[in-house]
Amino acid sequence: MSTTLIVGIDGSEAGARALSYTKRLATLIGSDCKIEVVYVIEWSPYSFQTPEENAQRNKQREKAISIANERIVEPAIKSLQDEGFAAEGRVLHGKVAHLLNSVAVETNAEQIVVARSSAAGFTSRVFGSVTANLVMSSTVPVTVVS
Amino acid sequence: MRLKNTMYSMMVLFMGLFQASIAKAEGIDAAVNAVFASSTGWFVSLIFAPLPGTSFPWIVLWLVVGATVFTLYFGFVQFRAIGHSIDLVKGEYSDPKDAGEVSHFQALTTALSGTVGLGNIAGVAVAIGIGGPGATFWMILAGLMGMASKFVECTLGVKYRNEYKDGSVSGGPMYYISKGFEERGLPGGKFLAALFAVFCIFGAFGGGNMFQANQAHAQLSSVIGDYPGWITGIIFAVIVFLVIVGGIKSIARVTEKIVPFMGVLYVGAGVVILLMNIDQIGWAFGQIFEGAFTGLGVAGGMVGALIQGFKRAAFSNEAGVGSAAIAHSAVKTNEPITEGLVSLLEPFIDTVVICTMTALVIIITGQLVSDPATGLYVLNEAGTAIATQDGSSGVALTSAAFGSAFTWFPYILVLAVVMFAFSTMLSWSYYGLKAWTYLFGEGKKAEMTFKVLFCLFVIVGASASLGPVIDFSDAMIFAMAVVNIIGLYFLMPIVKKEYISYFARLKSGEIKKFK
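Residues numbered from 1 in each chain as written. Chains lettered and ligands numbered in written order. Predicted model: local features only at pLDDT ≥ 70, side-chain atom pairs only at ≥ 80, totals over all residues. Heavy atoms only, no water.

For chain B, the name recorded in an unreviewed UniProt entry is Alanine/glycine:cation symporter family protein, with Marinomonas phaeophyticola as its organism. In its Sequence similarities (unreviewed entry) section, UniProt records this for chain B: "Belongs to the alanine or glycine:cation symporter (AGCS) (TC 2.A.25) family." (UniProt positions renumbered as here; feature names shortened; annotations may be inferred.)

As annotated in an unreviewed UniProt entry, chain A carries the name Universal stress protein and is attributed to Marinomonas phaeophyticola. Under the heading Sequence similarities (unreviewed entry), UniProt records this for chain A: "Belongs to the universal stress protein A family."

Here you go:
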């Protein structure tokens, strides 16, 4: 039976650290480990939009997915595959913590790896950070890379 | 092609006449007002012509009959399906794979930001001022019936929208009338669609633009002091220009976030005032019911109350007008009927909840002068409306009502009116643009022409006096309803088919909840 690891990336240096740590874990687990790279575009179905934005929404969504795949997810998968890891990836819209957990449950993953983001201060104190939300709500073990 | 040229010529001629008049006149406001009133009066008279031998405008009957027919034809869908509508808005039936697309909630709130606004603040005050508290009853009834009209038009808006290769969408009555008529083998679809588009363009310039600019100026001058309307007009026009021509999305985004907040604040303040006077709510409803059937001394009696109630409800929630179908058509769904069901919440929120609350606040705070001996309302000197405590009408009356409970509220209301006006303008600039591109084709030149004209009309609206602007705005919005409701009558069997199929699949479990 293979082991799946979920790694959340966001194109930042923190995401790269999470990816790097996931590779180490996968190496330790061995050849039956599969890495699922997940990039989440923050999105709420309850936000307010203008009619113009709504009319262009599908176009903008496709564009955002395509850019994220091209610039972040595909290079990450390629680097994993070049190093001999079994890897797949996906770009999703929604709440980061909720979606990482959903993918983990769906793929029966062993754990989720994320990095502590650099965002701190007022915003994270008021709204809570993505990492903290994930740790609190996840039904799968979470590793937070510093 | 001929239609295109004619429309362009009409616009150029109109603008030329308008500019020439301004140059000759001594005061800009006076010139705008004079040209405006004389050039639009004939159309206003035609739309509001009374039924022979009565004072009842035929257009009001047209809307009432339309809403009644849809209500009966769909077996009171607005009451039977409202629970499911709420589930749809909550996203319980939304496929998670569609995340990132336009949700039901977003389509609803976008459409609401185009309708909730001055109609709820100024329009209700006008209705109560002229038609008395009884107008509220007819307004609520019109709101409840209008839910069925909205259901039909928004279902069709999604079903017959244009989905382009690049993923963008365009929808609305012009699309469903032309495509739907063709599908059913009916003649005249293209003509009706073009006629709707023409009215929609003028509706966008009127109710969606000039009325808003006019009332925003009235509010600003009531706080700052009297100053020429064209100054407000130019400032508004520049900001609108920056958004719709300059593409400065940040202004639109800020507006879209502030407007819901202002809406909640307005409703919250209203609820607090009602709670403070909870002992009078029963009396206020008594006035509403009694006034609905007797008029309680208002000009025109019961019919006067009814006309005002229906008119202002239609202007506020736009049910049957077709504008919301343009806004709702961008939603991501494979079931057009779901958007129809969501859209029926719009008149409910707009008219049944918000308008009624405004009306109750005006009545409870005792703004309308009544004769203690007879219990009847006292008319003003001209005998056209009920006398008010400080002689105010429109937004000023609502402001006085809220201000009697919270002295600071008129300042908040100024901000709310300005924000609502601006957000409604942005929505209508889009509706008008869709109608314009339907007639003249998609293209940067055609779009720019419309957008520049739209900004010019902001200045006209802020400069003209309220009477001609309200008349013109109403006439154009109702003219849209004339064409749209004809289209809805012919296309409602298509909606019925979708409706039966959807609820059968929902019942059988074929359509499942995702949450």
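The next thing to look at is the overall build of chain A. Looking only at helices and strands, one finds five helices and five strands in chain A. Sequence-ordered secondary structure for chain A, helices as α and strands as β, is β-α-β-α-β-α-β-α-α-β. What you see for chain A is a C-alpha radius of gyration of 16 Å, in line with the 15 Å of a compact globule of 146 residues. Oriented by its inertia axes, the alpha-carbon framework of chain A measures out at about 50 × 35 × 25 Å. Burial status across chain A gives 43% buried among its 146 residues. Long-range pairs, those at least 24 residues apart, make up 77% of the contacts in chain A between residues at least 6 apart in sequence. For chain A, the accessible surface area stands at approximately 7800 Å², while carbon and sulfur atoms represent 53% of it. (Helix = DSSP H or I, 4+ residues; strand = E, 2+ residues; numbered from the N terminus. Rg over C-alpha atoms; globule rule 2.2 N^0.38 Å. Buried < 20%, exposed > 50% of the residue type's maximum accessible area, 1.4 Å probe, protein only. Contact = heavy atoms within 4.5 Å. Areas by Shrake-Rupley, 256 points an atom, 1.4 Å probe, with all protein chains shown as cover.)

For the rest of this paragraph, the subject is the interface of chain A and chain B. Taken together, the contacts link 20 residues of chain A with 28 residues of chain B. Summing both sides of the interface, chain A and chain B together bury roughly 2200 Å²; the carbon and sulfur share of this comes to 55%. It is Tyr46, Phe48 and Pro51 of chain A in chain A that bury the most area against chain B; as a group they hold 30% of the surface buried on that side. Linking chain A with chain B are two salt bridges, by the criterion used here. Here lysine 59 of chain A makes a salt bridge to aspartate 166 of chain B, at a shortest N to O gap of 3.4 Å. When its residues are assigned to classes, the side of chain A that touches chain B shows six nonpolar, eight polar and six charged. (Buried area = accessible area lost by both parts, 1.4 Å probe. Salt bridge = Lys/Arg side-chain N within 4 Å of Asp/Glu carboxyl O. Nonpolar A, V, L, I, M, F, W, Y, C, P; charged D, E, K, R; others polar.)

Turning next to the pattern of salt bridges. Pairs can form between side chains of opposite charge once their charged atoms are near each other. Residue and element names in this part refer to chain A. Enumeration according to the criterion identifies 15 salt bridges over all chains in this entry. Note that glutamate 106 and arginine 90 form a salt bridge whose closest N and O atoms lie 3.3 Å from each other. Here the residue glutamate 106 occupies a position in helix H3 (residues 96-106), and arginine 90 occupies one in strand E3 (residues 86-94), the gap between them amounting to 16 residues. Each of Glu36, Arg90 and Glu106 takes part in salt bridges that share partners, so that together they form one network.

Residues and elements named next belong to chain B. Under the criterion given, the structure shown has 35 aromatic pairs over all chains. Centroid distance tyrosine 73 to phenylalanine 74: 5.0 Å. Interplanar angle 85°. Geometry classified as edge-to-face. Following the ring pairs from residue to residue traces out a cluster consisting of Phe202, Phe205, Trp436, Phe440, Phe450, Phe454 and Phe457. Against the face of tyrosine 73 rests lysine 496, its NZ or CZ located 4.3 Å from the ring centre. Across the ring face of phenylalanine 74, the terminal group of lysine 496 is positioned such that the distance to the ring centre comes to 5.9 Å. (Phe/Tyr/Trp six-rings, centres within 6.5 Å; stacked < 30°, edge-to-face > 60°. Lys NZ or Arg CZ within 6 Å of the ring centre and 35° of its normal.)

Residue and element names in this part refer to chain B. All chains considered together, the criterion is met by zero disulfides over all chains. Cysteine 200 takes part in no disulfide bond, and the closest cysteine sulfur to it belongs to cysteine 154, at a distance of 13 Å. Cysteine 455 takes part in no disulfide bond, and the closest cysteine sulfur, belonging to cysteine 200, lies 17 Å away. (Disulfide = S-S within 2.5 Å.)

All names here are of chain B. The end-to-end C-alpha separation of helix H19 (residues 409-440) is 45 Å, in line with the 46 Å expected for 32 residues at 1.5 Å each. Taken across its 32 residues, H19 has 27 buried, putting it largely inside the fold. Two residues or fewer after H19 comes glycine 441, characterised by a positive phi angle close to 90°. (Expected span 1.5 Å × (residues − 1).)

Attention shifts here to the sheet that holds strand E1 (residues 3-9) of chain A. Residue and element names in this part refer to chain A. With respect to topology, five strands assemble into an open sheet ordered E3-E2-E1-E4-E5, the strand pairing being parallel. At either end of the open sheet lies a strand with only one pairing partner, and these are E3 and strand E5 (142-145). Across this sheet, the average inter-strand angle for adjacent strands is 25°, counted without regard to direction. Packing of helix H1 (residues 13-29) onto the sheet brings it into contact with E1, strand E2 (33-42), strand E4 (111-115) and E5, and relative to E1 it is tilted by some 170°. Strands E1, E2, E3 and E4 of the sheet are contacted by H3, whose axis makes an angle of about 140° with E3. (Pairing = 2+ DSSP bridges. Axes fitted to C-alpha atoms, helices over the stretch in contact; angles between N-to-C directions.)

A few words on the pairing of E3 of chain A. Residue and element names in this part refer to chain A. Pairing between E2 and E3: nine bridges, direction parallel. Bridge pairing in E3 links glutamate 36 to glutamate 88. Each parallel crossover has a hand, and for E2 linked through helix H2 (residues 51-82) to E3 it is right-handed. (Right-handed = clockwise from strand over helix to strand, strands pointing away.)

What follows deals with the confidence of the model for chain B. Taken residue by residue, chain B gives an average pLDDT of 87. The fraction at 70 or more is 94%. Of the regions scoring below 50 in pLDDT, residues 20-26 of chain B engages in six contacts with residues more than four places distant in sequence or in other chains. (pLDDT = per-residue confidence, 0-100.)

What follows concerns the packing of helix H11 (residues 229-244) of chain B against helix H20 (residues 444-463) of chain B. Residues and elements named next belong to chain B. Running from amino to carboxyl end, H11 crosses H20 at an angle of 155°, the nearest separation of the two axes being 7 Å. For the element pair H11 / H20, the angle class is roughly antiparallel. Crossing geometry of H11 relative to H20 is assigned as right-handed. Contact residues: H11 offers Gly229, Trp230, Thr232, Gly233, Ile234, Phe236, Ala237, Val240, Phe241 and Ile244, while H20 offers Lys451, Val452, Phe454, Cys455, Val458, Ile459, Ala462 and Ser463. Considering only residue class, the contact of H11 with H20 consists of 13 nonpolar, four polar and one charged. (Parallel < 35°, antiparallel > 145°, perpendicular 65-115°, else oblique. Left-handed = near helix turned anticlockwise from the far one by under 90°.)

To continue, consider the side chain of serine 343 of chain B. Along the chain, serine 343 of chain B turns up in helix H16 (residues 336-343). Residue classification places serine 343 of chain B among the buried positions, given a relative accessible area of 0%.

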